[in-house]
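Letter by letter, the chains look like this.
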Amino acid sequence: MKYILMMNTMKAGTGVPAWPKKDLQAHIAFMMSLNKELHERGELVSAEGLSFPDQAKLVRAGKDGRPITDGIFPESKEFLAGFWIIDVDSPDRAYEIAAQISAAPGPGSAPLYMPIEVRPVMSAPPQEML
Amino acid sequence: MKYILLMSGSKAGVEGYQAWPPKDIEAHMSVLRKISDALTASGEFVATQALSGPAEAKVVRGEKNRVPVTDGVFPESKEFLLGYWIVDVASPERAYAIAGRISAAAGPGGVPTNVPIEVRRFATRESKSK
């Protein structure tokens, strides 16, 4: 069964690039090693990092169907920072991987304990909606 | 350049959608399928995915005695990711135009839903998708 693991960040919390270089390198090395392990176990479907919230836009269709973009958000708004799609045997395995990501090292190699949202992925829309 | 278009909604919003008349749901799905077909034809389509409803969402934060700490009780108003489209386009404006079309998909009675679609650029130069 497929799950998506989502890592969120607040606009105000995008200070990652300001971490000391060695802490940033240790964090990235941890993520790369975890991705390699998930890939070797055949559990990794995809993993992506998104650009920072300062580049995010919210789009709504106008009356004429043209896009209306908005890009001003409160500092406290949460944004998706990146995600993993995994194919695992049980929800417990998905939670286990999410906990590993949650405990990724931050400044001074202390675990970050980031909240990671875990959701089953639907392989197709439910029949009653087609 | 790759962009992800994120559609979010609250538990109440999802329940409202499930209560639409079947023909309105069919018309809505049909517009979304046409958008996916057009993106496939233009070579801009990378992936699209619907997620299970907020009722199945869990947030994992760290571990206690090597057991992941999960939380699954959220306020009714909390917004969750419902689904996404990944597109590979020539410009941000093209990504906004696609988001505008998704936002303008018809809802009950053929009225555009105008749901907000968050548009984010991928931070990775090359997709790690397999």
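Not measured: the values here are computed from a predicted model. (Residues numbered from 1 in each chain as written. Chains lettered and ligands numbered in written order. Predicted model: local features only at pLDDT ≥ 70, side-chain atom pairs only at ≥ 80, totals over all residues.)

### Here's the deal with the overall build of chain A
Working step 1: Across its full length, chain A holds two helices and six strands.
Working step 2: What you see in chain A, going N to C, is helices and strands ordered as β-α-β-β-β-β-α-β.
Working step 3: For chain A, with 130 residues in total, the buried portion stands at 26%. (Helix = DSSP H or I, 4+ residues; strand = E, 2+ residues; numbered from the N terminus. Buried ≥ 20, exposed ≤ 12 C-beta atoms within 10 Å, placed from the backbone.)

### Remarks on the overall build of chain B
Working step 1: Tallying secondary structure elements over chain B gives three helices and six strands in all.
Working step 2: Secondary structure elements of chain B, listed N to C terminal, follow the sequence β-α-α-β-β-β-β-α-β.
Working step 3: By principal-axis analysis of the C-alpha atoms, chain B measures approximately 50 × 40 × 20 Å.
Working step 4: Per-residue burial for chain B yields a buried fraction of 28% across its 130 residues.
Working step 5: Long-range contacts, defined as pairs at least 24 residues apart, comprise 72% of the intrachain contacts of chain B with a sequence gap of at least 6. (Contact = placed C-beta atoms within 7 Å.)

### Some details on the interface of chain A and chain B
Working step 1: Taken together, the 39 residues of chain A in the interface contact 40 residues of chain B.
Working step 2: At the level of elements, strand E1 (2–10), strand E2 (44–49), strand E3 (57–61), strand E4 (67–70), helix H2 (91–102) and strand E6 (116–122) of chain A are the ones that each hand at least two residues to the side of chain A that touches chain B.
Working step 3: At seven residues, the largest contribution of residues to the side of chain A that touches chain B is made by E6 of chain A.
Working step 4: Both E6 of chain A and strand E3 (residues 58–64) of chain B contribute to a ladder of three bridges, which runs antiparallel. Counterpart to glutamate 117 of chain A in the pairing with E3 of chain B is valine 59 of chain B. (Pairing = 2+ DSSP bridges.)

### Comments concerning the nonpolar core
Working step 1: Ranked by size, the top nonpolar core spans 55 residues in total, and within it Leu5, Ala98 and Ile116 of chain A together with Leu5 and Ala99 of chain B carry the most contacts.
Working step 2: Broken down by element, this core gets its largest block of residues, seven residues, from strand E5 (residues 80–88) of chain B.
Working step 3: Look past the residues within four positions of leucine 5 of chain A in its chain and what remains in contact with it is Phe83, Trp84, Ile86, Ile97, Ala98, Ile101, Ile116 and Val118 of chain A. (Core = buried A, V, L, I, M, F, W, Y, C linked by C-beta atoms within 7 Å.)

### A closer look at the pairing of E3 of chain B
Residue and element names in this part refer to chain B.
Working step 1: Direction of pairing for E3 relative to strand E4 (residues 67–71): antiparallel, over a ladder of four bridges. By the bridge assignment for E4, valine 60 is matched with threonine 70.
Working step 2: Counted between consecutive antiparallel strands, the loop separating E3 from E4 contains two residues, among which asparagine 65 sits at a positive phi close to 50 degrees.

### Thoughts on the confidence of the model for chain B
Residue and element names in this part refer to chain B.
Working step 1: In the predicted model, chain B carries a mean pLDDT of 89, and the fraction of residues at 70 or more is 95%.
Working step 2: Confidence drops under a pLDDT of 50 for residues 126–130, and excluding neighbours within four residues, the segment shows eight contacts in the predicted structure.
Working step 3: The ipTM for the predicted assembly is 0.77, set against a pTM of 0.84. (pLDDT = per-residue confidence, 0-100.)

### Overview of unusual backbone geometry
Working step 1: Positive phi, normally seen in glycine, also occurs at tyrosine 113 of chain A, with a value near 50 degrees.
Working step 2: Its place among the elements puts tyrosine 113 of chain A in the loop between H2 and E6.

### Considering the environment of lysine 22 of chain A
Residue and element names in this part refer to chain A.
Working step 1: Among the structural elements, lysine 22 can be located in helix H1 (residues 21–40).
Working step 2: We classify lysine 22 as exposed; it has 11 C-beta atoms within 10 Å.
Working step 3: Along the chain, lysine 22 and arginine 119 lie 97 residues apart, while their C-alpha atoms are 32 Å from each other.

### Structural notes on the pairing of strand E6 (residues 117–121) of chain B
Working step 1: Within E6 of chain B, four of the five residues are buried, leaving the element largely enclosed by the surrounding structure.
Working step 2: When E3 of chain A meets E6 of chain B, the two strands line up antiparallel, connected through three bridges. By the bridge assignment, valine 59 of chain A is partnered in E6 of chain B with isoleucine 117 of chain B.
Working step 3: When strand E1 (residues 2–9) of chain B meets E6 of chain B, the two strands line up antiparallel, connected through five bridges. When the sheet's bridge partners are listed, isoleucine 4 of chain B is paired in E6 of chain B with arginine 120 of chain B.

### Let's talk about the environment of proline 105 of chain A
All names here are of chain A.
Working step 1: Within the secondary structure, proline 105 is located in the loop between H2 and E6.
Working step 2: For the pair formed by proline 105 and glutamate 75, sequence separation is 30 residues and the distance between their alpha carbons is 24 Å.
Working step 3: Other than its neighbours up to four places away in sequence, proline 105 contacts Ala26, His27, Phe30, Ala110 and Pro111.

### Things to note about helix H2 (residues 22–41) of chain B
Working step 1: Counted at 1.5 Å a residue, the expected span for H2 of chain B with its 20 residues is 28 Å, and the 28 Å between its end C-alpha atoms agrees.
Working step 2: Where H2 of chain B terminates, the next one or two residues include glycine 43 of chain B, which has phi positive at roughly 80 degrees. (Expected span 1.5 Å × (residues − 1).)

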